[in-house]
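# Chain and residue survey
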Amino acid sequence: MNYNSIKNKTFSENPAVKAEYNQLGPQYEAIRAAIASRKSAGLTQKQLAEKMGTAQANISRFENGNANPSLDFLQKMASCMGKTLHISFE
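Now for a look at the structure at hand. Everything numeric here is computed off the predicted structure, so don't read it as measured data.

## A short note on the overall build of the chain
- Per the secondary structure count, the chain includes five helices and zero strands.
- Taken from the N to the C terminus, the helices and strands of the chain come in the order α-α-α-α-α.
- What you see for the chain is a C-alpha radius of gyration of 16 Å, clearly larger than the 12 Å of a compact globule of 90 residues, by over 25%.
- Classification of the 90 residues of the chain by burial places 23% in the buried group.
- The long-range fraction of contacts in the chain, counting pairs at least 24 apart against all pairs at least 6 apart in sequence, stands at 41%.
- Accessible area for the chain stands at about 6,500 Å²; split by element, carbon and sulfur atoms hold 51% of it.
- In the chain, which carries 11 positive and 7 negative side-chain charges, the distance between the mean positions of the two groups comes to 6 Å.

Structure follows, in structure tokens:
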């Protein structure tokens, strides 16, 4: 059984799991975008942390979903990667 099959089966059997998954979606989307941007900029977590003036552990915690970063943190991260941060309500 592949991931999508397991996910679909779990969602159909347990709507609470699907609701929680959907609620966490934006957080993981931001994490995926930050990781992709960091990698495309050719930066390691340590290099990005040095540019931001923070500890590498802070970058790691964010990328692992174990931190709730401030808007300032995200803006600084984007700037240090040569990007701009855009947030939208849809």
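Now that the structure is up, let's keep going.
## Here we look at helix α4 (residues 56–63)
- Inspection of α4 places Ile59, Phe62 and Glu63 among the buried residues, and these make up the whole buried set. Seen end-on, α4 carries its buried residues on one side only, within an arc spanning 95°.
- Residues of α4 that are buried in the fold lie against α2 (15–40), α3 (45–52) and α5 (71–80).
- Residue Gly65 follows α4 closely and has a positive phi angle near 80°.

## Some words on the environment of Ala55
- Within the secondary structure, Ala55 sits in the loop between α3 and α4.
- Expressed as a C-alpha distance, the spacing of Ala55 and Gln45, which sit 10 residues apart in the sequence, is 9.2 Å.

## Some thoughts on the environment of Ala33
- Take Ala33: it is sitting in helix α2.
- Its relative accessible area of 43% is what places Ala33 among the partly exposed residues.
- With 30 residues separating them in the primary sequence, Ala33 and Glu63 have C-alpha atoms 9.9 Å apart.

## Structural notes on the pattern of salt bridges
- Enumeration according to the criterion identifies two salt bridges in this entry.
- One salt bridge in this structure joins Lys9 and Glu13, with 2.6 Å as the shortest N-O distance. Of this pair, Lys9 and Glu13 are both found in helix α1 (residues 3–13), four residues apart, which corresponds to roughly one turn of the helix.

## Details of the nonpolar core
- Leu48, Met52, Ile59, Phe62, Phe73, Met77 and Met81 are the most contacted members of the largest nonpolar core, which totals 13 residues.
- Broken down by secondary-structure element, the contributors of at least two residues to this core are α2, α3, α4 and α5.
- Per-element accounting of this core gives the leading share, four residues, to α5.
- Every residue in contact with Ile59, bar those within four places of it in the chain, is listed here: Gln45, Leu48, Ala49, Met52, Thr54, Phe73 and Met77.

The rules behind the values
- Residues numbered from 1 in each chain as written.
- Predicted model: local features only at pLDDT ≥ 70, side-chain atom pairs only at ≥ 80, totals over all residues.
- Heavy atoms only, no water.
- Helix = DSSP H or I, 4+ residues; strand = E, 2+ residues; numbered from the N terminus.
- Rg over C-alpha atoms; globule rule 2.2 N^0.38 Å.
- Buried < 20%, exposed > 50% of the residue type's maximum accessible area, 1.4 Å probe, protein only.
- Contact = heavy atoms within 4.5 Å.
- Areas by Shrake-Rupley, 256 points an atom, 1.4 Å probe, with all protein chains shown as cover.
- Lys, Arg positive; Asp, Glu negative; His and termini not counted.
- Charge placed at Lys NZ, Arg CZ, Asp CG, Glu CD.
- Arc of directions from axis to C-beta.
- Salt bridge = Lys/Arg side-chain N within 4 Å of Asp/Glu carboxyl O.
- Core = buried A, V, L, I, M, F, W, Y, C linked by side-chain atoms within 4.5 Å.

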